[in-house]
Amino acid sequence: AKRHYRFNMRSVSGRKRIVILGGGCGGVVAATNLGRKLGADHEVILVDRRSDHIFMPAFLFVMLGERQPREISRSLSHLEKRNVKVIQSEILGIDPLRQEVALTQERLNYDYLIVSLGLQTRPDLVPGFAEASHHPWEMDAAVRLRDRLATFRGGRVVVGVPLGPYRCPPAPYETQWMLDNYFRQRGLRDGVEIEYFTREPEPTGETHDPAVWMDAESKRRNIRQHYDFIVRRIDPDKRQVQGLYNYKIDYDLLVMVPPHRPAQVLLDSGLADTETGIRVDYDTLETKWDNVYAIGDCADMPASKAGGVAHQEADVLAHNLAVKITGKGRPVDLWLHTI
């Protein structure tokens, strides 16, 4: 009842400006939907520091040389066909009290703000990470890993997960399996050991439970699993991942998920409450600030930090925001379909 009251009882008048921060999955979906629904009568603006939308789920295919960076990039300018204005700029600050976003060359006022800035990789949070580890969680890093794999002839490949949130929780398992297939196709698998470490406990339960199934699939592929492993640092000289209780894992090639944190502007502006992002109402995606919403990885939600979640949140929020602005239609509930 509270949700429907807040959406339906607000008065509607004049041309509204909806600003969307971030051109990832959630931001693009929200902008597209709002541009179609409202763009002719209101102003929909998307801001991103990049000129292109990057399809991050394909980074693993870039890692294996099965996709090129240009094949997973699309210009955000295509959104202009959907009545969306695109501004390429760094976001320097957000003032939710003044309803203002500071960009590199201007200050942008808004009536409604959707924050979809994802999570940023922070390799500096693990000593030795930058010198020692490869990873496919950013485009340039995936390209470097592709080049390293091309010269790898044998040894121990270790895939691992740090503490804290990170984009796409299933991806470390996908990385293990894709590397297994990659080395088999190259005829090198017999000379390559693949191991995996995670902070999670060993999964138990029914065989159809996703975590149990993924564990079994890795073991079926002869990939050793290290559970309850908390990374403290990496020693590039010894080629060793060092964890709590003096537990150590040696490697020849380390492929570790970098730590992730909210964008610095969200921390500096006070929007991000925790390392997992901005607190939101789980039903409406509203924050504690008037007319400010958060979706995707930067929203502190009890759900996966995954593109599919951001897409669903963007669909629901765009619909409900259009209802709120126009007074037409009925809001819908957020009901996530995810594991």
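A few points on the structure. On a predicted model such as this, the values are computed, not experimentally measured, just so you know. Think of each chain on its own: its residues are numbered from 1, step by step along the sequence as written. In view of the model being predicted, local features appear only for residues whose pLDDT reaches at least 70, and side-chain atom pairs are presented and counted only at 80 or more, with totals across whole chains, interfaces and linings using the full set of residues. Only hydrogens and water are set aside; all other atoms, that is, all heavy atoms of the structure, feed into the side-chain values.

### Topic: the overall build of the protein chain
Here a strand is any run of E in DSSP of at least two residues, a helix any run of H or I of at least four, and the numbering for each starts at the N terminus. Across its full length, the protein chain carries nine helices and 21 strands. For the protein chain, the spread of C-alpha atoms along the principal axes amounts to about 70 × 40 × 35 Å. For the protein chain, with 339 residues in total, the buried portion stands at 54%. In what follows, residue pairs with any heavy atoms lying within 4.5 Å of each other are defined as contacts. When contacts within the protein chain are restricted to residue pairs at least 6 apart in sequence, long-range pairs at least 24 apart make up 69% of them. Here's how the labels work: a residue is buried when its accessible area is under 20% of the maximum for its type, exposed when over 50%, partly exposed in between, all with a 1.4 Å probe on protein chains only.

### Re the environment of Val-292
Counting through the fold element by element, Val-292 comes out in strand E20 (residues 292-294). Excluding its chain neighbours within four sequence positions, the residues that come into contact with Val-292 are Pro-96, Tyr-110, Leu-113, Val-115, Leu-271, Leu-285, Glu-286 and Thr-287.

### Description of the pairing of strand E14 (residues 231-235)
Pairs of strands are assigned from DSSP output, requiring at least two bridges between the strands. The pairing of E14 with strand E15 (residues 240-243) spans four bridges and is classified as antiparallel. Note that in E15 the partner of Arg-233 across the bridge is Gln-242. In this antiparallel pair of consecutive strands, E14 and E15, the connection spans four residues, and Arg-239 shows a positive phi of 50°.

### Brief notes about the sheet that holds strand E7 (residues 100-103)
Reading across from one edge, E6-E7-E8 is the order of the three strands in this open sheet, with antiparallel pairing throughout. Strand pairing shows two members of the sheet lacking a second neighbour, strand E6 (91-95) and strand E8 (107-109), which therefore form its edges. Averaged over all adjacent pairs, the angle separating strand axes in this sheet is 20°, with direction ignored. Here E6 runs beside E7; their pairing, made up of four bridges, is antiparallel. Looking at E7, one finds that Gly-93 is bridged to Ala-102. Interaxial angle, 0 to 180 degrees, is taken between N-to-C directions of lines fitted to C-alpha atoms, where a helix line uses only the stretch in contact.

### Describing the layout of surface pockets
Only protein atoms enter the 1 Å grid used here. Points where a 1.4 Å probe fits but cannot escape make up a cavity, open sets with protein on both sides within 12 Å along at least five of seven lines make up a pocket, and a residue lines them when an atom lies within 4 Å of a point. Grid points are joined across faces, edges and corners, and a volume is the space filled by probe spheres set on the points. A volume near 210 Å³ is recorded for the second largest pocket. Around the second largest pocket sit Pro-123, Phe-129, Ala-130, Glu-131, Ala-132, Ser-133, His-134, His-135, Glu-138, Asp-140, Ala-141 and Arg-144, which together line it. Only helix H4 (129-132) and helix H5 (139-151) provide two or more residues apiece to the lining of the second largest pocket. With four residues, H4 is the largest single contributor of residues to the lining of the second largest pocket. Residue classes follow a fixed rule: Ala, Val, Leu, Ile, Met, Phe, Trp, Tyr, Cys and Pro count as nonpolar, while Asp, Glu, Lys and Arg count as charged, and any other residue, Gly among them, counts as polar. Grouping the constituent residues of the lining of the second largest pocket by class yields five nonpolar, three polar and four charged.

### Section: a positive patch on the surface
Taken together, the side chains of Arg-232, Arg-233, Lys-238 and Lys-248 present a region of like positive charge at the surface. The topology assignment puts Arg-233 in strand E14. Look at Arg-233 and you get partly exposed, because its relative accessible area is 34%. In this analysis, a patch consists of residues with relative accessible area above 30% that form no salt bridge, clustered at 9 Å for like charges and at 5 Å for the nonpolar side chains Val, Leu, Ile, Met, Phe, Trp and Tyr. Only the protein chains shown count as cover for residues, and the accessible areas themselves come from Shrake-Rupley with a 1.4 Å probe. Salt bridges are counted wherever a side-chain nitrogen of Lys or Arg sits within 4 Å of a carboxyl oxygen of Asp or Glu. Under the counting rule used here, the positive set is Lys and Arg, the negative set is Asp and Glu, and His together with the chain ends is not counted. To locate a charge, take NZ of a lysine, CZ of an arginine, CG of an aspartate or CD of a glutamate.

### Describing empty space enclosed by the protein
Evaluated as defined, the whole model comprises one cavity of 30 Å³ or more. Residue lining of the largest cavity: Gly-296, Asp-297, Ala-299, Met-301, Ala-303, Ser-304, Lys-305, Ala-306, Val-309 and Glu-313, and that is the complete set. Here the lining of the largest cavity is built from residues that sort into five nonpolar, two polar and three charged.

### Regarding the packing of helix H2 (residues 25-38) against helix H9 (residues 307-326)
Taken N-terminus to C-terminus, the directions of H2 and H9 make an angle of 30°; their axes are 8 Å apart at the nearest point. One finds that H2 runs roughly parallel with respect to H9. For the pair H2 and H9, the crossing hand works out as right-handed. Residue-level contacts link Cys-25, Gly-26, Val-29, Ala-30, Asn-33, Leu-34, Lys-37 and Leu-38 of H2 to Gly-307, Ala-310, His-311, Ala-314, Asp-315, Ala-318, His-319, Leu-321, Ala-322, Ile-325 and Thr-326 of H9. Our angle categories are set so that under 35 degrees counts as roughly parallel, over 145 as roughly antiparallel, 65 to 115 as roughly perpendicular, and the remainder as oblique. It is the rotation of the near helix from the far one that decides the hand of a crossing: anticlockwise by less than a right angle makes it left-handed, clockwise makes it right-handed.

### Thoughts on the side chain of His-135
Tracing the chain through its elements places His-135 in the loop between H4 and H5. For His-135, a relative accessible area of 9% translates into the label buried. Here a polar contact means two N or O atoms within 3.5 Å. Within protein one must be a hydrogen donor candidate and the other an acceptor candidate, and residues neighboring in sequence count only if both atoms are side-chain atoms. Separated by 2.9 Å, the side chain of His-135 and the backbone nitrogen of Trp-137 make a polar contact. In contact with His-135, other than residues within four places in its own chain, are Phe-129, Ala-141, Ala-142, Leu-145, Val-255, Met-256 and Pro-258.

None of the figures reported here should be taken as evidence of function without further support.
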